[in-house]
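Each chain, written out:
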Amino acid sequence: MFFLLLTLGTLAVTVNVDHIGEMSCNPAVGGLAKGHLVREIDALGGEMAKNIDATGIQFRRLNTKKGPAVQSSRAQADKEQYRLRMKRVLERQENLDVKQAMVDTLIVEDEVVKGIVTSIEERFLGKAVILTTGTFLKGLIHIGLKNFPAGRMGDPASSKLSDHLRALGLNVGRLKTGTTPRLDGRTIDFSRLTPQFGDDPPVPFSFETEAITQEQVPCYITYTNQETHKIIKTGLDRSPLFTGVIKGVGARYCPSIEDKVVRFPDKARHQIFLEPMGLGTTEIYPNGVPTSLPLDVQFKMVRSIEGLEEVEIVRPGYGIEYDYVDPIQLKPSLECKSIKGLFLAGQINGTSGYEEAAGQGLMAAINAVRYVRGEAAVVLGRDQAYIGVMIDDLVTKGTQEPYRMFTSRAEYRLLLREDNADLRLRELGHQIGLVSNAIYEKFERKRTAIDELLSLLSEARLNPKPEVKQTIENLGLGTINQPVTLKDLLKRPGAELKDIAQLDSRVSSFNSEAGEQATILVKYDGYIRRQMEQIGRAKHLEGAKIPEGLDYGAIPGLSNEVKEKLGRTRPISLGQASRISGITPVAVTIVQIYLKKWEQDARQ
């Protein structure tokens, strides 16, 4: 989809308007770290969380036995309903027009984008353009040694735009991803499989959703086996991945089943989640077996799996190659450095996944509007959001393989939890006009309640009276021999807020949202303070801005390699410069000293 943002209106141009919101791969939203992105999008005023809450058919919280920093949400979507609802949202959005067309070229004058030209030579003029091309740029589908151009199965590829981007001077590369065969659920013996149920009650993604009311269904678990692996190996001589037909780099963290079998020969089996694709269809998505093997091998492969002995394939799995633009050519606002007003978001920047694309799309749209209005860009810091971590990774380091979000990528992940996304970002969403006054007022009431509960826990003291000591011991919280605060008690291992409420009835007056936040902040207080200190130490580098036209070649003391890397990335701050691969602390110090002298000379 290609967005053209005007001062008073927006045009969305897409290859097929019936495929707005189409889930090309697995019918699910969220997952480890990806759930964080969805909650952040919601906190800023985006639509993704609301859409999955309205159409999700199974919700699960992941990593619940671990700390709050790595807990994430995931939901199965009714694929058709997800698409239809998102289409309705776009169609009803004020100041948004939707048109079906293929964009072939951009209109660029004096390194400033002026609009787009479609394949039938329609011209749409505007002050900013966002490219969100997915896997459509010279998309090439592979099923065995057969291949054909397509953006995804059933949609045409964009054949001219990537050549045009190259002609404009952008560095364009090639990536690869893949998807699984879709199965006919009527031909699966579910009685032999292990059901996996969602949470009861399901926990919504959006901070605005009160409850999930639609029907919920289970997924099922099965496994590949040694026979499956033998069948896969017999097809490797016709695999585009292993015969060199596919040139694009695939996702390291989401390999095809044939790649997993070859890379892990000692692994006896691989887990498969059979995921329903909706309440109104019998199609099943076998998550865990993405493949580009020939169809006859796919057929034998799935029929070797327990419960799938009589299964029929509705749609074959396939690999797809596509072009992308090295994101190191973008500013942190996602605006192209060499073409003013041109923004890129999603898989065109080398990312994988719906959630990564949605986070970039939201930030690119925000900054395109601010560009049109002549306002400063909104750039989320690594200490503010996973969205900020992702974009900083992309524009600072670039990527040569599909980028996927992980909690391990965030150095301040204890601060960037799913549960506090609104506390981190809701105010910003309101300031930039995406969060309504009514929603913001509700958020303020929540924030006030958290502050009041924390104050109560910090100030209320318990004296070691016999009856108090007995109650504490009965709750399994040890004992006290001197006055302690409620906060001190809540810090003790195993202590829960409901226990503290038995010692002070005022605690019971606060709702579960305030209670959850207060509990996390109390129990992880020491760790959170240490991360805040780390952020404080890093702030001076982030605040040290680097002039856009700085000549790194003129800085004495820098190696040619460092000059080349800084000149290619053109960091906006010393903090960003410090995160470029191969840039040492010494090099950052040299630039810092040079900037101070440069500023002094400029003032004289």
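Residues numbered from 1 in each chain as written. Predicted model: local features only at pLDDT ≥ 70, side-chain atom pairs only at ≥ 80, totals over all residues. Heavy atoms only, no water.

Asker: Talk me through the overall build of the protein; I want residue IDs and the actual numbers.
Answerer: Looking only at helices and strands, the protein has 19 helices and 23 strands in total. In summary, the protein has a C-alpha radius of gyration of 26 Å against a globular reference of 25 Å for 604 residues, a match within 12%. If you line up the protein on its principal axes, its C-alpha atoms span 80 × 80 × 50 Å. Across the 604 residues that make up the protein, the buried fraction comes to 53%. Looking at the protein alone, contacts between residues at least 24 apart form 72% of all its contacts between residues at least 6 apart. In the structure as shown, the protein presents an accessible area of about 27,200 Å², 50% of it carried by carbon and sulfur atoms. Here the protein contributes 79 positive and 76 negative side-chain charges, whose respective centroids are spaced 4 Å apart. (Helix = DSSP H or I, 4+ residues; strand = E, 2+ residues; numbered from the N terminus. Rg over C-alpha atoms; globule rule 2.2 N^0.38 Å. Buried < 20%, exposed > 50% of the residue type's maximum accessible area, 1.4 Å probe, protein only. Contact = heavy atoms within 4.5 Å. Areas by Shrake-Rupley, 256 points an atom, 1.4 Å probe, with all protein chains shown as cover. Lys, Arg positive; Asp, Glu negative; His and termini not counted. Charge placed at Lys NZ, Arg CZ, Asp CG, Glu CD.)

Asker: Can you explain unusual backbone geometry? Please cite residues and give values.
Answerer: The omega torsion of the bond from D200 to P201 falls at 5 degrees, within 30 degrees of zero and hence cis. Positive phi, normally seen in glycine, also occurs at N63, with a value near 65 degrees. Not every positive phi belongs to a glycine, and E121 is a case in point at roughly 65 degrees.

Asker: Could you give me a rundown of the sheet that holds strand β4 (residues 56–62), with the residues and numbers involved?
Answerer: In space, the three strands of this open sheet follow the order β3-β5-β4, with antiparallel pairing throughout. Whereas interior strands pair on both sides, the edge strands pair on one side only; in this sheet they are β3 (28–30) and β4. Taking each pair of neighbouring strands and ignoring which way they run, the sheet shows an average axis angle of 15 degrees. Sheet strands touched by helix α2 (residues 48–55): β3, β4 and β5 (72–77). Its angle to β4, the strand with the most contacts, is close to 115 degrees. (Pairing = 2+ DSSP bridges. Axes fitted to C-alpha atoms, helices over the stretch in contact; angles between N-to-C directions.)

Asker: Break down the pairing of strand β17 (residues 271–276) for me, with residues and values.
Answerer: When strand β16 (residues 219–223) meets β17, the two strands line up antiparallel, connected through four bridges. Its bridge partner lying in β17, T222 is registered against I272. Note that β17 and strand β18 (residues 283–287) share four bridges and pair antiparallel. Across the sheet, the residue bridging to L274 is P286, located in β18. Linking two consecutive strands that pair antiparallel, namely β17 and β18, is a turn of six residues; a positive phi of about 160 degrees is found at G278 within it.

Asker: Give a detailed account of the side chain of S239, specifying residues and quantitative values.
Answerer: Considering the arrangement of structural elements, one finds S239 in the loop between α5 (226–234) and α6 (257–263). Every residue in contact with S239, bar those within four places of it in the chain, is listed here: L145, E258 and L293.

Asker: I'd like a description of the nonpolar core, backed by residues and values.
Answerer: With 74 residues, the main nonpolar core has L131, L165, L342, M363 and I387 as its most contacted residues. Among the elements that make up this core, the one with the highest residue count is helix α9 (residues 386–397) (seven residues). Residue contacts for M363: discarding those within four places in its chain leaves L44, S333, L334, V378, L380, I387 and I391. Counting residues in each nonpolar core, the second largest holds 25 residues, with L475, V484, L497 and L503 among its members. (Core = buried A, V, L, I, M, F, W, Y, C linked by side-chain atoms within 4.5 Å.)

Asker: So, the environment of E91: which residues are in play, and what are the values?
Answerer: Residue placement: E91 occurs in helix α3 (residues 79–91). Along the sequence, E91 and K233 sit 142 residues apart, while their C-alpha atoms lie 48 Å from each other. Among the polar contacts made by the side chain of E91, one reaches the side chain of K87 at a distance of 2.5 Å. (Polar contact = N/O pair within 3.5 Å; in protein donor to acceptor, adjacent residues only side chain to side chain.)

Asker: Which residues make up the environment of I520, and what values go with them?
Answerer: If you trace the backbone, I520 turns up in helix α15 (residues 512–523). Residue I520 is classed as buried on the basis of its relative accessible area, which comes to 8%. Considering only alpha carbons, one finds I520 and D419, 101 residues apart in sequence, at a separation of 9.7 Å. In contact with I520, other than residues within four places in its own chain, are P68, R417, D419 and I528.

Asker: Describe the pattern of salt bridges, listing the residues and the values that go with them.
Answerer: For the coordinates displayed, the defined rule picks out 45 salt bridges. Across the salt bridge formed by E418 and R61, the nearest N and O atoms sit 2.7 Å from each other. Here R61 lies in strand β4 and E418 lies in the loop between α9 and α10 (421–431), a separation of 357 residues in the sequence. Owing to a relative accessible area of 3%, E418 belongs among the buried residues under this scheme. Its relative accessible area of 22% is what places R61 among the partly exposed residues. (Salt bridge = Lys/Arg side-chain N within 4 Å of Asp/Glu carboxyl O.)

Asker: Give me the lowdown on the packing of helix α1 (residues 34–44) against helix α8 (residues 354–373), citing residues and values where you can.
Answerer: In helix packing, the relevant descriptors are the interaxial angle and the interaxial distance, both defined with respect to the helix axes. The contact between α1 and α8 brings their axes to 9 Å, and the two run at 30 degrees. With respect to their mutual orientation, α1 and α8 come out roughly parallel. Like other packed secondary-structure pairs, α1 and α8 cross with a definite hand, here left-handed. Contacts from K34, L37, V38, I41 and L44 of α1 reach α8 at E355, E356, A358, G359, L362 and M363. (Parallel < 35°, antiparallel > 145°, perpendicular 65-115°, else oblique. Left-handed = near helix turned anticlockwise from the far one by under 90°.)

Asker: So what about the state of the cysteines? Which residues, and what values?
Answerer: Covalent bonding between the sulfur atoms of two cysteines defines a disulfide. Enumeration over the complete set of coordinates arrives at zero disulfides. Between C254, a cysteine without a disulfide, and C25, which holds the nearest cysteine sulfur, the sulfur-to-sulfur distance is 6.7 Å. (Disulfide = S-S within 2.5 Å.)

Asker: Please set out the packing of aromatic side chains residue by residue, giving values where relevant.
Answerer: Taken as a whole, this structure holds four aromatic pairs when the rule is applied. A ring pair is formed by Y440 and F443, whose centres lie 5.8 Å apart and whose planes are at 40 degrees; its orientation type is tilted. Separated by three residues within a single helix, Y440 and F443 lie in helix α11 (residues 437–459), roughly one turn from each other. The interplanar angle of 50 degrees and the centroid separation of 6.4 Å between the aromatic rings of Y524 and Y527 together place this pair among those described as tilted. Here the basic side chain of R39 rests over the ring of F207, its NZ or CZ set 4.1 Å away from the ring centre. Lying across the ring of Y223, R269 places its NZ or CZ 3.6 Å from the centre. (Phe/Tyr/Trp six-rings, centres within 6.5 Å; stacked < 30°, edge-to-face > 60°. Lys NZ or Arg CZ within 6 Å of the ring centre and 35° of its normal.)

Asker: Tell me about the sheet that holds strand β13 (residues 172–179), and name the residues and values.
Answerer: Strand order in the open sheet made by the four strands is β12-β11-β20-β13, with antiparallel pairing throughout. Two strands in the sheet have a free side with no partner beyond their single neighbour: β12 (146–149) and β13. Mean inter-strand twist for the sheet, computed between neighbouring axes without regard to direction, equals 25 degrees. As defined by bridge partners, strand β11 (residues 140–143) adjoins β12 across four bridges and the pair is classed as antiparallel. Across the sheet, residue L140 finds its bridge partner in β12, namely P149.

Asker: Hey, could you go over the packing of α1 against α2 for me, with residue numbers and the actual values?
Answerer: Where α1 meets α2, the closest approach of the two axes is 7 Å, and the angle between their N-to-C directions is 110 degrees. The angle between α1 and α2 places the two elements in the roughly perpendicular class. Touching V38, I41 and D42 of α1 are M48, A49 and K50, all from α2. Residue classes in the contact of α1 with α2 are distributed as four nonpolar, no polar and two charged. (Nonpolar A, V, L, I, M, F, W, Y, C, P; charged D, E, K, R; others polar.)

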